[in-house]
Amino acid sequence: QYIAGYTEGYRAGGVDVDTQTGESLPYRPEYTRNVEVGLRGDFARFEFAANVFHTRWRDQQVPVLRGLFFVNQNAANSELTGGELSLGWRLLPTLRMQAALGLVRTEFLDYTVGDQDYSGNQFIFAPRHTVSLGGVWRPKAVLPGFMAALNLSHRGKAFTSPANAPDERSESRTLLDGRI
């Protein structure tokens, strides 16, 4: 199955308040134009999905740390381009395995605040890659309604400010999640 789409998005503007000074900080609405092309398939016991996408922002709302809290600022123009791939395998009628990979490139095309120019920098909180591997076991015949799942996920480092300073990066994270 081939999938292609174009959408436009809108997020309302608003006002944040600096809790230390009481200053009102208005921000404008943001607008996006999104294009996505994908391919999905299910063959015997295998499933896959792959897609590439591109989003272009006008007046992107960017959360920026001010004091102890985040407030929104508008970046004039920015874009995000990436792709995702996921694979699933029904190893047994009761056991399904899956793996996924996501890659993304972000860039503020035009973003200045006062004398600070963040143009060309990456988005905050946007790791370049994410990876996951997991499985779900449902022994319907032996234990109706029982389910056990285990998932290992990893996300790369990400900047925590639009300045993209090396000391303003979150660490990469790996999480093991289990459910019964």
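As shown above, the structure is provided for reference.
What you see is a predicted model, and the numbers here were worked out from it, not measured in a lab.

## Describing the overall build of the protein chain
The helix and strand inventory of the protein chain stands at zero helices and 14 strands. Ordered by position in the sequence, the α and β elements of the protein chain form the string β-β-β-β-β-β-β-β-β-β-β-β-β-β. Scaling as 2.2 N^0.38, a compact globule of 180 residues should have a C-alpha radius of gyration of about 16 Å, whereas the protein chain reaches 21 Å, well beyond that. Taking all 180 residues of the protein chain together, the buried fraction comes to 30%. Partitioning the contacts of the protein chain with sequence separation of at least 6, the portion at a separation of at least 24 is 53%.

## Quick word on the layout of surface pockets
Taken as a whole, the largest pocket spans an internal volume of roughly 180 Å³. Along the walls of the largest pocket sit 14 residues, with Gln60, Gln61, Pro63, Phe123 and Ile124 positioned nearest its centre. Elements with a contribution of two residues or more to the lining of the largest pocket: β5 (46-66) and β6 (69-92). A total of five residues in the lining of the largest pocket trace back to one element, the largest contributor, which is β5. Across the lining of the largest pocket, the residue classes tally to nine nonpolar, three polar and two charged.

## Description of the sheet that holds strand β14 (residues 173-179)
Pairing in this open sheet of eight strands is antiparallel, and the strands run β1-β4-β5-β6-β7-β10-β11-β14 from one edge to the other. The sheet is open, and its two edges are formed by β1 (2-11) and β14, each paired on a single side. Ignoring which end each strand starts from, the neighbouring axes of this sheet average 15° apart. Relative to strand β10 (residues 129-137), strand β7 (residues 95-110) runs antiparallel, the two sharing nine bridges. Counterpart to Met97 in the pairing with β10 is Gly135.

## Re a nonpolar patch on the surface
On the surface, a cluster of nonpolar side chains totalling about 400 Å² of accessible area is made up of Leu85, Leu87, Leu101, Leu103 and Val131. For the nonpolar patch, the elements supplying multiple residues, two or more each, are β6 and β7. Within the fold, Leu103 resides in strand β7.

## Thoughts on the side chain of Ser161
One can find Ser161 in the loop between β12 (158-159) and β13 (169-170). Among the polar contacts made by the side chain of Ser161, one reaches the side chain of Glu168 at a distance of 2.4 Å. If near-sequence neighbours (up to four positions away) are discounted, Ser161 is found in contact with Ile124 and Glu168.

## Here we look at the pattern of salt bridges
Applying the stated criterion across every chain, the model contains 10 salt bridges. We note a salt bridge from Asp18 to Arg66, for which the minimum N-O separation is 2.6 Å. With a gap of 48 residues between them, Asp18 in the loop between β2 (14-17) and β3 (24-27) and Arg66 in strand β5 connect regions that are remote in the sequence. Linking Glu79 and Arg56 is a salt bridge whose minimum nitrogen-to-oxygen distance equals 3.6 Å. Placement of Glu79 in strand β6 and of Arg56 in strand β5 is noted, with a sequence separation of 23 residues between them. Classification of Glu79 as buried rests on a relative accessible area of 12%. Here Arg56 falls in the partly exposed class, since its relative accessible area comes to 39%.

Each value, and the rule that gives it
Residues numbered from 1 in each chain as written. Predicted model: local features only at pLDDT ≥ 70, side-chain atom pairs only at ≥ 80, totals over all residues. Heavy atoms only, no water. Helix = DSSP H or I, 4+ residues; strand = E, 2+ residues; numbered from the N terminus. Rg over C-alpha atoms; globule rule 2.2 N^0.38 Å. Buried < 20%, exposed > 50% of the residue type's maximum accessible area, 1.4 Å probe, protein only. Contact = heavy atoms within 4.5 Å. 1 Å grid on protein atoms, 1.4 Å probe; cavity = no way out; pocket = protein on both sides within 12 Å on 5 of 7 lines; lining within 4 Å. Points joined across faces, edges and corners; volume = space filled by probe spheres on them. Nonpolar A, V, L, I, M, F, W, Y, C, P; charged D, E, K, R; others polar. Pairing = 2+ DSSP bridges. Axes fitted to C-alpha atoms, helices over the stretch in contact; angles between N-to-C directions. Patch = residues over 30% accessible without salt bridge, like charges linked within 9 Å, V, L, I, M, F, W, Y side chains within 5 Å. Areas by Shrake-Rupley, 256 points an atom, 1.4 Å probe, with all protein chains shown as cover. Salt bridge = Lys/Arg side-chain N within 4 Å of Asp/Glu carboxyl O. Polar contact = N/O pair within 3.5 Å; in protein donor to acceptor, adjacent residues only side chain to side chain.

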